[in-house]
Amino acid sequence: MRSFGFVLSILAVMGLAFWAYSENYKTQKALKDLSKLQHEIAALRDARAVLRAEWAYLNRPDRLRDLIGLNWQSLELVPLTPQQFGRVEQIAYPKPTLVEPVDVVGLQPEELLP
Amino acid sequence: MSRVPLRPLARILEARRKGENPDAIERENIRLRHEEMRDRARQRAEGRLLVMGIFFFCAFTVVGARMGLLAASVPEEPRTSGIGSDITAQRADIVDRNGKILATNLRTHSLYAQPPLMVDPKGAAAALAAIFPDLKEAELLPLFTGKRKFVWIKKVLSPEQQQMVHDIGEPGLLFGPREMRLYPNGALASHILGGYGFGREGVYAAEVIGTAGVEKAFDTFLRDPAENGRPLELSLDLTIQAAVEEILFGGMKIMNAKGAAAVMMDAYTGEIIAMASLPDFDPNDRPVPLTEGDQSDSPLFNRAVQGVYELGSTFKIFAAAQAMELGLVNANTMVDADAPMKWGKHSIKEFRNHNYGPYLSVTDVIVKSSNVGTAKMALQIGQKRQKEFLAALGFFEPTPVELFEAPYAKPLLPRHWSDIHTITASYGHGLSASPLHLAAAYATITNGGTKVAPTLLKREYRIPGARVVSRDVSAATRAMLRAVVTRGTASFGDVPGYAVAGKTGTADKPRPRGGYYDDKVIATFASVFPAHDPKYVLIVTLDEPVETSGTKPRRTAGWTAVPVAAEIVRRTAPLLGLRPEIEPGTERLVSTR
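Predicted model, so just to flag it, every value in this text is computed and none were measured.

Secondary structure assignment for chain A yields four helices and zero strands. N-terminal to C-terminal, the α/β element order of chain A is α-α-α-α. Here chain A holds 114 residues, and 7% of them are scored as buried. As displayed, chain A has an accessible area near 10700 Å², and 66% of this comes from carbon and sulfur atoms. Chain A carries 13 positive and 13 negative side-chain charges, and their two centres are separated by 21 Å.

The next thing to look at is the confidence of the model for chain B. In the predicted model, chain B carries a mean pLDDT of 88, and the fraction of residues at 70 or more is 96%. Here residues 588-593 of chain B scores under 50 on pLDDT; set against residues more than four positions off or in separate chains, the count is 17 contacts.

Residue and element names in this part refer to chain B. Counting 128 residues, the largest nonpolar core has Met264 and Phe318 as the members making the most contacts within it. If we ignore the near neighbours within four places in the chain, the residues touching Met264 are Ile240, Glu271, Ile272, Ile273, Ala274, Phe529, Tyr536, Val537, Leu538, Ile568, Thr572 and Leu576. With 16 residues, the next largest nonpolar core counts Ala113, Leu140, Phe144 and Leu157 among its residues.

Turning our eyes to something else, we now look at the interface of chain A and chain B. On the side of chain B, 29 residues touch chain A, which itself brings 22 residues to the contact. Between chain A and chain B, roughly 2300 Å² of surface is buried when both sides are summed, and carbon and sulfur atoms account for 63% of that area. It is A:Gln38, A:Pro82 and A:Phe85 that lose the most area in chain A upon contact with chain B, and together they represent 23% of the buried surface on that side. The interface formed by chain A and chain B includes three salt bridges.

Rules and cut-offs
- Residues numbered from 1 in each chain as written.
- Chains lettered and ligands numbered in written order.
- Predicted model: local features only at pLDDT ≥ 70, side-chain atom pairs only at ≥ 80, totals over all residues.
- Heavy atoms only, no water.
- Helix = DSSP H or I, 4+ residues; strand = E, 2+ residues; numbered from the N terminus.
- Buried < 20%, exposed > 50% of the residue type's maximum accessible area, 1.4 Å probe, protein only.
- Areas by Shrake-Rupley, 256 points an atom, 1.4 Å probe, with all protein chains shown as cover.
- Lys, Arg positive; Asp, Glu negative; His and termini not counted.
- Charge placed at Lys NZ, Arg CZ, Asp CG, Glu CD.
- pLDDT = per-residue confidence, 0-100.
- Contact = heavy atoms within 4.5 Å.
- Core = buried A, V, L, I, M, F, W, Y, C linked by side-chain atoms within 4.5 Å.
- Buried area = accessible area lost by both parts, 1.4 Å probe.
- Salt bridge = Lys/Arg side-chain N within 4 Å of Asp/Glu carboxyl O.

Written as structure tokens, this is what we have:
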């Protein structure tokens, strides 16, 4: 009985050792993945910062003003003026959709139901 | 365990036989027994002490070992925590009120040389001089061939330049990573943003520090890692700022002015929507400060904040507002305006020696811009109360705006405030303040009468300031200012639909050696719009303007600053979302006490 207990505990120790060993490697792999992901995030953020800076640079008011001047023929953009404000009343009311009239004279009530 | 009997029969009998006291034997045995018990107890206690000692020794060994281990181990960043600190940018962005970028960072490289590693110093110097026009071959060559082991060549490179330097193929030319500041809008809002420079520099990194403007004022915030890259939100509106700068530049050219400044401010919160000063500069390539001559001629000089000028007749409304607030007059009271007015050895005259007198209503004093009428009101108010009022409007202190330069722009005040200073200060002479001071004061008296402190930070809500004038006085003030535009000196300032109200001011420029120039003026238009429901305050100041369309050159603000301001209102009011409105009758606004 006692020897059986010894064998059992030795097996348990071996099993636990194997488990700890594999967990250790799993943790190391997760950490490696994490740092790789973080480098990727950092690179993407860097790229985004560059793109944002470029977007802001390309949309700077000076450049847009020049582009409007260059493309006057096709765009005909002018600065916003007070006259361009509209009122809700100036917008036409949407037309009601008309339904074809149906002759209902002489029909039975159940025939009126769809 | 066998116990020794206290009275062993054999020894007792023997003692009795010898005639000794048998009790002595019992006492002897009791003593022996006690000694034995004491020895046992001591042994046990010693054992316990030993165990305790071992325990403490182990505990201290563990603590000591851990400390030694911590001290000896290489520091390592916690990899499992969410977002590493190396990911966030070194310096936070600056954005406008709508989130458009005003300043951001860009990762580039710096260029340095290690002459001992160089293969062909002569060729490298020639190639570098060909790539960078500002580098001279003759200056580089001694650096490369001398004894130096390390030479900085360029602090920042563009990617194209880096590639060209790389293509030289010289192993002694090396690149270090650098984070640089980029202002994508160029010269726009340059005086507000300021500029950047490098602090402590190493090969692999350099500190980016602000050198002026908000970059310097908020340096700690922008660099604080705890903020985690949260951008600095300014109250500026990029679109409005661009429109204001464009119109101001055009106006400055048409009016032949040497400089110009404009401030547009929210009349309630004090948020600066746009602030321009011309000439300006590109903060990406900030010019060096002037080493000689007048600093105010440098493009770095912010005329709207640092420039303190005598702002002339724009101050008259403060005397009128205070006289009404004190109950001395109302908008229709007739005041003595008989020019010229004698005060001691001084004589107070009107513009071009007019005489608007003998009597003018307070409204007409403002509309016609009568120096004498204003002076009479100021004398009624008295020196002490006038100073208190101007101090309440903020004219005695630098503006609290969040710019590095602001605390150094102190208003210039008369050293001894005598009655003649009370008179001249009432029409804006002898007292110098910046256009930003004027904007805050106009916002204060026209917004209903509560104090406004100018700010460059976006405000989510309004915190009403201390009351300076009553609501009625504020409304009467606006009606007077509106009358200046409808039938007074600022008739060019009328913009249909936006009910501009304002006051012109033309002040002769002081000579550096005392006295005033005859042909150099500072023309200012201080306005608020719409008059019936004030939303924004706009100050336009032109430095030495001349309008030459007539037979004689015209320099007054009504001909120079006012049309520029009107154009700014016409262009920016729709952008600010103000719908043109038909203003209510002005009579209702004038309160009669």
